[in-house]
Amino acid sequence: MEKYLLIVLSVFLSISCGNKRGELIGVKQKKWFPEKPYGMTLVEGGAFIMGKQDDDIAQLKNATAKTVTVRSFYMDETEITNSEYKQFVHWVRDSVALAMLARKSDELNQGEEASTEGIGEYAFKDADTADQSPFQKYMRENYYDLSDDPYAGRPLNWDQTLEWDPNSYADEAYVEVMDSLYLPPEVWYNGEMKIDVNKLIYKYSWFDAEAASAERAKNPKSRDRLPFIKKEEIEIYPDTTVWIKDFNYSYNEPMHNDYFSHPAYQDYPVVGISWKQAVAFCNWRTHYKNSYQKEKNKPLVNNFRLPTEAEWEYAARGGIPAGTYPWGSPYLLNDRGCFLANFKPLRGDYSSDQAMYAVEAKSFLPNDYNLYNMAGNVAEWTESSYDPGAYEYVSSLNPNMSLNDEKRKVVRGGSWKDVAYFLRVSSRDYEYQDTARSYIGFRTVQDYLGSEKIKIK
């Protein structure tokens, strides 16, 4: 009898645990198929000589040649445009409005179950407690209702379309909320209602893996994650005044007034963006894509981010190891005498390259990785912190000098207002992370998951 029970028990365990004859078969997940993000190109990893391989004309001695290897990654074919960044601005604007409407609805006890019209339509998704799942009820009772902000974490009703036409506002409560989003009438001009852009604040959190790793090295028993979860709040609207501030005794008011707002410039690279705002955009882009992935029950994508300095230079070279510029040659003109990039040639003759300011993001010919304007047009933020001697001590594998305390961030590529030296693929420059300029934009990258054939450049 005892032997019979042992046999039954072993059969039961074999079936219930999914055991395949006792073999190690691993935990199977859905097959992962890399999906090229829209508007990006794959840059296959490899080794290259980063830094000055020719004469250091400016005698800066801050880009000594070094052989490094980078992994494969996707990169935006163009700089992020006004149109693309405006999508971010509109999402933040809508989320702020939805949050304010939901709070007002809650204050007036107009949840989804109480009203089908007016501000009640914009109540939190969990306002109707009868439709809550056990998980939603648990989270609300144990976290949301006990926090300092009782509304924190509650889901907004993104299914409800916002009405921005004042003549179509739902009710007086809706009018009150929307009015608080706009500047007061006394500061309007030309009869235009203007959103108070200071209220367009994006909030997010991130995990500081480097700080956590350093703490773990000092204290191997440390398991506390909370100190390394950083929370950020940042105003995300571009600083349009850069068109005035960057130039003394110069008339650039048309660019100040229209560059970000007018449809004529929608395909031009966004400028007036600080490094912190560019990082916030990357976080939002990841969140925005993964919201769709969750809806479709698909695997989440990994983070969008700014490129490291090494990744940027590797991509700018376009597979040409010793090229001076992204197109490979040491010359700035093609065989027909036309300039190959948008910069400041001939000692200040801005118009000789057919452009006075920035031009559309898909202007001039791309390099061999199909990346546009890796030289000129607008300079680009990178993830890396700036240090003149960084090349001497950074790793040769995926090098990146990233320090939270270092406020200077590497800027690459040169711009429409720079001389040719800054267009070289090896030239470095920097700007402070909280500073915005009329000639600095950015593009994003995303790590390629899996292995590609490694190429030696």
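Computed from a predicted model, the values in this text were never measured in an experiment.

### Side note on the overall build of the protein chain
(1) Moving on: Counting secondary structure elements, the protein chain contains 10 helices and 13 strands.
(2) Moving on: Counting the 457 residues in the protein chain, one finds 42% classified as buried.
(3) Moving on: Of the roughly 26000 Å² that the protein chain leaves accessible, carbon and sulfur atoms contribute 52%.

### A word on the packing of aromatic side chains
(1) Moving on: Counting across every chain of the model gives 32 aromatic pairs.
(2) Moving on: Aromatic side chains Tyr-122 and Tyr-174 sit 5.3 Å apart centroid to centroid with 55 degrees between the ring planes, which places their arrangement in the tilted category. Placement of Tyr-122 in the loop between helix 2 (82–107) and helix 3 (134–142) and of Tyr-174 in helix 4 (residues 172–179) is noted, with a sequence separation of 52 residues between them. One exposure class covers both Tyr-122 and Tyr-174, and it is buried.
(3) Moving on: Here Tyr-259 and Tyr-265 contribute two aromatic rings whose centre-to-centre distance is 5.1 Å and whose plane-to-plane angle is 45 degrees, an arrangement assigned as tilted.
(4) Moving on: By way of ring pairs, the aromatic residues Tyr-85, Phe-88, Trp-91, Trp-158, Tyr-202, Tyr-204, Tyr-237, Phe-260, Phe-281, Trp-284, Tyr-288 and Phe-442 are connected into one cluster.
(5) Moving on: Positioned over the ring face of Trp-164 is Arg-93, at 4.3 Å from the centre of the ring.

### Description of helix 9 (residues 309–317)
(1) Moving on: Counted residue by residue, helix 9 has 9 buried out of 9 residues, so it is predominantly covered.
(2) Moving on: Of the positions making up helix 9, those classed as buried are Glu-309, Ala-310, Glu-311, Trp-312, Glu-313, Tyr-314, Ala-315, Ala-316 and Arg-317.
(3) Moving on: Phi for Gly-318, located one or two positions after helix 9, is positive at around 60 degrees.

### Some remarks on the pairing of strand 2 (residues 46–50)
(1) Moving on: For strand 2, the buried fraction is high: 4 of the 5 residues fall into the buried class.
(2) Moving on: Sheet topology note: the strand 2/strand 3 (residues 66–70) ladder contains 5 bridges and is antiparallel. When the bridges of strand 3 are listed, Phe-48 appears paired with Val-68.

### Section: the nonpolar core
(1) Moving on: One finds Tyr-85, Phe-88, Tyr-202, Ile-236 and Phe-442 to be the most contacted residues of the largest nonpolar core, which totals 56 residues.
(2) Moving on: With 10 residues, helix 2 is the single largest residue contributor to this core.
(3) Moving on: Apart from the residues within four sequence positions on either side, Phe-88 is in contact with Tyr-202, Ile-236, Ala-280, Phe-281 and Trp-284.
(4) Moving on: Counting residues in hydrophobic clusters, the runner-up holds 19 residues, among them Val-43, Tyr-314, Tyr-391 and Val-445.

### Focus: the sheet that holds strand 8 (residues 379–385)
(1) Moving on: The strand order across the open sheet formed by 4 strands is 10-9-8-11, and the pairing between neighbours is mixed. Two strands bound the open sheet, and with one partner strand each, they are strand 10 (429–432) and strand 11 (440–441).

### Considerations on the sheet that holds strand 1 (residues 40–43)
Sheets are built from strands paired through backbone hydrogen bonds, the pairs being either parallel or antiparallel.
(1) Moving on: Ordered by their spatial adjacency, 4 strands build an open sheet running 1-4-12-7, and the pairing between neighbours is antiparallel. In this open sheet, the two strands that pair with only one neighbour each are strand 1 and strand 7 (304–305).
(2) Moving on: Two strands pair when backbone bridges link them, and strand 7 and strand 12 (residues 445–447) are joined in this way by 2 bridges, in the antiparallel orientation. Paired with Phe-304 across the strands is Gln-446, a residue of strand 12.
(3) Moving on: Docked against the sheet, helix 9 engages strand 1, strand 4 (73–76), strand 7 and strand 12, running at close to 75 degrees with respect to strand 4.

### Observations regarding the environment of Ser-426
(1) Moving on: Along the chain, Ser-426 turns up in the loop between strand 9 (408–412) and strand 10.
(2) Moving on: Counting along the chain gives 102 residues from Ser-426 to Thr-324, while the straight-line C-alpha distance between them is 7.7 Å.
(3) Moving on: Ignoring sequence-local partners within four residues, the contact set of Ser-426 consists of Gly-51, Lys-52, Ala-63, Glu-313, Arg-317 and Arg-412.
(4) Moving on: Among the polar contacts made by the side chain of Ser-426, one reaches the side chain of Lys-52 at a distance of 3.4 Å.

### Some points on the side chain of Thr-444
(1) Moving on: Relative to the helices and strands, Thr-444 resides in the loop between strand 11 and strand 12.
(2) Moving on: At 2.6 Å, the side chain of Thr-444 and the side chain of Asp-76 are in polar contact.
(3) Moving on: Within the structure, Thr-444 has its side chain in polar contact with the side chain of Arg-285 (distance 2.8 Å).

### Section: the pattern of salt bridges
Oppositely charged side chains can form a pair if their charged atoms are brought close together.
(1) Moving on: According to the stated counting rule, one finds 21 salt bridges in the structure shown.
(2) Moving on: Ionic pairing is found between Asp-106 and Arg-154, a salt bridge with its closest N-O pair at 3.7 Å. Linking Asp-106 in helix 2 with Arg-154 in the loop between helix 3 and helix 4, this pair joins segments that are 48 residues apart in sequence.
(3) Moving on: Using a relative accessible area of 30% as the deciding quantity, one classes Asp-106 as partly exposed.
(4) Moving on: The class of Arg-154 is buried, set by a relative accessible area of 8%.
(5) Moving on: Glu-215 serves as the salt-bridge partner of Lys-218, at 3.9 Å between the closest nitrogen and oxygen. Of this pair, Lys-218 and Glu-215 both sit in helix 5 (residues 209–218), 3 residues apart, which is roughly one turn of the helix.
(6) Moving on: What makes Glu-215 partly exposed here is its relative accessible area of 26%.
(7) Moving on: When salt bridges with common partners are traced through the structure, they connect Glu-309, Glu-313, Arg-317, Arg-412 and Arg-428 into a single cluster.

Parameters at a glance
Residues numbered from 1 in each chain as written. Predicted model: local features only at pLDDT ≥ 70, side-chain atom pairs only at ≥ 80, totals over all residues. Heavy atoms only, no water. Helix = DSSP H or I, 4+ residues; strand = E, 2+ residues; numbered from the N terminus. Buried < 20%, exposed > 50% of the residue type's maximum accessible area, 1.4 Å probe, protein only. Areas by Shrake-Rupley, 256 points an atom, 1.4 Å probe, with all protein chains shown as cover. Phe/Tyr/Trp six-rings, centres within 6.5 Å; stacked < 30°, edge-to-face > 60°. Lys NZ or Arg CZ within 6 Å of the ring centre and 35° of its normal. Pairing = 2+ DSSP bridges. Core = buried A, V, L, I, M, F, W, Y, C linked by side-chain atoms within 4.5 Å. Contact = heavy atoms within 4.5 Å. Axes fitted to C-alpha atoms, helices over the stretch in contact; angles between N-to-C directions. Polar contact = N/O pair within 3.5 Å; in protein donor to acceptor, adjacent residues only side chain to side chain. Salt bridge = Lys/Arg side-chain N within 4 Å of Asp/Glu carboxyl O.

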